[in-house]
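One letter stands for each residue in the lines below.
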Amino acid sequence: MRYERCRTLFGEDFAKIQRAKILLLGVGGVGSFALDCLYRSGVRDITIVDFDSYDITNQNRQIGSEHLGQKKVEVLERLYPGIKKIEAKIDNEWVENFDFSPYDLVLDAIDDTKAKVALAKKCAPKLISATGSAKKCDPTQIRADSIWKTYGDPFAKKLRSELKRSGFEGDFLAIFSPEPPKCKEKGSFVGVTGAFGLTLCAKTLEKIVNETRNSHSDTSVQRRESDTPDSRGSQKSPSK
């Protein structure tokens, strides 16, 4: 059976993983590996959001990047049958207008700090966010902790500063690495960017299992009403 070894590992909790409804924002070097991990781990309801097309500079780290010039969401929809796609640029306006309430968890694999802040203000209780994965070589230094406890990463530092400036007082889980940057330009290594995505997936599964245990719920990972009151914006129907 396809998921036999996952069922063996997770036991009765595997059913919770299969029922989870996940929204994945960004499917580049981090997000594409998170998608692969979620899909292979049995999550049945995954919606991906991205606007970019593949170019040759993506080929050192992004799943699907052999399909140069094609939209990432369209390629990944073919590679992972059954997922849903939304082709959209994730910016402040999109975040404000999107309805996050149907989703159990929101995975942030984008690199726009302003949009990240908007996400935190809109759906922090269900948010897991990846910070800076570029310019690093050592995947063993990847950590997961409160955004306020991140350290050693310039991107995470900038995000914390922007969150404070915006008046955000909540919290969410962040994936980060304190490894000092190894270069000044846009260097990247799939061993780290991919590991960020795998960590994002692992923490998602952990949250699914733990929060359903805590809530004793058979139908939802997390009360979807935990969105902030303004999270009831309009949403385009994702294509299937």
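What you see is a predicted model, and the numbers here were worked out from it, not measured in a lab.

**Some words on the environment of V27**
Considering the arrangement of structural elements, one finds V27 in the loop between strand 1 (21-25) and helix 3 (31-40). The class of V27 is buried, set by a relative accessible area of 0%. Each C-alpha atom of the pair V27 and A109 lies 7.0 Å from the other, and the pair is 82 residues apart in sequence. Those residues in contact with V27 that sit more than four places away from it in its chain are S32, I48, V49, D50, Q62, K72 and L76.

**Some thoughts on the nonpolar core**
By size, the foremost hydrophobic cluster in this structure holds 39 residues, and its most contacted members are I48 and L76. Secondary structure elements with two or more residues in this core: helix 2 (14-19), strand 1, helix 3, strand 2 (45-50), helix 4 (72-79), strand 4 (105-108), strand 5 (127-130) and helix 8 (190-215). Counting residues per element, this core draws most heavily on helix 8, at eight residues. I48 has contacts with L24, V27, L35, V73, L76, I83, K84, K85 and I86, leaving out every residue within four places of it along the chain. In this structure, V49, V95, L119 and F172 belong to the second largest nonpolar core, which totals 27 residues.

**Description of the pattern of salt bridges**
A complete count under the given rule lists ten salt bridges for this structure. Salt-bridge contacts for D45 lead to K84; the nearest nitrogen and oxygen are separated by 3.3 Å. Of this pair, D45 sits in strand 2 while K84 sits in strand 3 (residues 84-87), and the two are 39 residues apart along the sequence. Just as D45 is buried, K84 falls in that class too. A salt bridge links K71 to E87; the shortest N-O distance between them is 3.6 Å.

**Some thoughts on unusual backbone geometry**
For K135, which is not glycine, the phi torsion reads 65° and is therefore positive. Inspection of the secondary structure assignment puts K135 in the loop between strand 5 and strand 6 (143-146). The exposure class of K135 is partly exposed, given its relative accessible area of 28%.

**Things to note about the side chain of K122**
Tracing the chain through its elements places K122 in helix 6 (residues 113-123). A polar contact is formed between the side chain of K122 and the backbone oxygen of V95, at a distance of 2.8 Å. Here E96 takes part through its backbone oxygen, which lies 3.1 Å from a polar atom of the side chain of K122.

Rules behind the numbers
The residue numbers shown here count from 1 along each chain, following its written sequence. Local features are withheld for residues below a pLDDT of 70 in this predicted model, meaning they are given only at 70 or higher, and side-chain atom pairs are given and counted only at 80 or more; totals for whole chains, interfaces and linings count all residues. Calculated side-chain values reflect all of the structure's heavy atoms, with hydrogen atoms and water omitted. Helix numbering and strand numbering both begin at the N terminus, where a helix is a DSSP run of H or I of at least 4 residues and a strand a DSSP run of E of at least 2. Only protein chains enter the area calculation, which uses a 1.4 Å probe; residues under 20% of their type maximum are buried, those over 50% are exposed, and those in between are partly exposed. Contacts between residues were defined by any pair of non-hydrogen atoms, one from each residue, lying within 4.5 Å. Only buried Ala, Val, Leu, Ile, Met, Phe, Trp, Tyr and Cys residues count toward a nonpolar core, and they belong to the same one when joined by side-chain atoms within 4.5 Å. Any Lys or Arg side-chain nitrogen found within 4 Å of a carboxyl oxygen on Asp or Glu counts as a salt bridge. The term polar contact refers here to a pair of N or O atoms within 3.5 Å; inside protein, the definition further demands a hydrogen-donor-capable atom paired with an acceptor-capable atom, and it admits residues adjacent in sequence only when both atoms are side-chain atoms.

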